[in-house]
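An overview of the molecular structure
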Amino acid sequence: MSAFLIHHFRHSLSRRALHTTPIRQVDRPTAFTNMLAGDIPPPVQVDSITSAGIQLADGLLLPSACIFLDGKVLLWDVPAHLWDGWNREHWGVFETVVPKPEILVFGTGRRMELPPPSIRGYLKEMGIQLDIMDTRNACSTYNLLAEEGRRVAAALLPYTPRPWRS
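If you're wondering where the values come from, they're calculated on a predicted model, not measured in any experiment.

Quick word on the environment of Asn143
Inspection of the secondary structure assignment puts Asn143 in helix α4 (residues 135-147). Residues Asn143 and Pro43 lie 100 residues apart in sequence; the distance between their C-alpha atoms is 8.0 Å.

Take a look at the structure:
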């Protein structure tokens, strides 16, 4: 096999697309009407995740940690090392939002890393179910739950940690 084919094959594996659904334009009529939906913003959809960051379905590349909440993308300032210096302050956005998400899908990077019991307990006190997984699976799970219309949020750490601030 040529070096070009090997490179192309490896690149295509690293950019394997996640489950996504096209975002429906609100003013465009469809054959179906969701009677339960109010003024719910369209969910953010993740297209893929690579070492460069989290690629959204609309083409935006997020190189650092982020939170998806109520159809919005929030930049998330977290410590560089997983669990070193993490505290309740890093999860404060979930105290202020109403209604709170039923489920918080937490992607911890390339592999799943359990957060300290204090963080899990804090989110449980707020009535938020915490699902912890690697970021790739967290993105796919978030896409699926958001598509189903669930009150879901995602807290995602990229494969390569980068601060938002330079």
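Next comes the rest of the description.
Comments concerning the nonpolar core
Core analysis: the biggest nonpolar cluster contains 22 residues, and Trp76, Trp86, Trp91, Phe94, Leu104, Phe106 and Leu123 have the highest contact counts within it. Elements with a minimum of two residues in this core: β4 (66-69), β6 (103-107), α3 (117-125), β7 (129-133) and β8 (152-156). With three residues, α3 is the largest single contributor of residues to this core. Excluding residues within four positions of it along the chain, Leu123 makes contact with Trp91, Phe94, Leu104, Ile128 and Leu130. Among the nonpolar cores identified, the runner-up in size contains 20 residues, and Leu62, Cys66, Met133 and Ala154 belong to it.

With respect to α3
Residues of α3 that are buried include every one of Ile119, Tyr122 and Leu123, and no others. The arc that holds the buried residues of α3, viewed along the axis, is 95°, so those residues lie on one side. Opposite the packed face of α3, turned more than 90 degrees from it, sit the exposed residues Pro117, Lys124 and Glu125. Gly127 sits one or two residues past α3 and shows a positive phi near 85°.

What counts and how
Residues numbered from 1 in each chain as written. Predicted model: local features only at pLDDT ≥ 70, side-chain atom pairs only at ≥ 80, totals over all residues. Heavy atoms only, no water. Helix = DSSP H or I, 4+ residues; strand = E, 2+ residues; numbered from the N terminus. Core = buried A, V, L, I, M, F, W, Y, C linked by side-chain atoms within 4.5 Å. Buried < 20%, exposed > 50% of the residue type's maximum accessible area, 1.4 Å probe, protein only. Contact = heavy atoms within 4.5 Å. Arc of directions from axis to C-beta.

The quantities given are spatial measurements derived from coordinates; they are silent on function.
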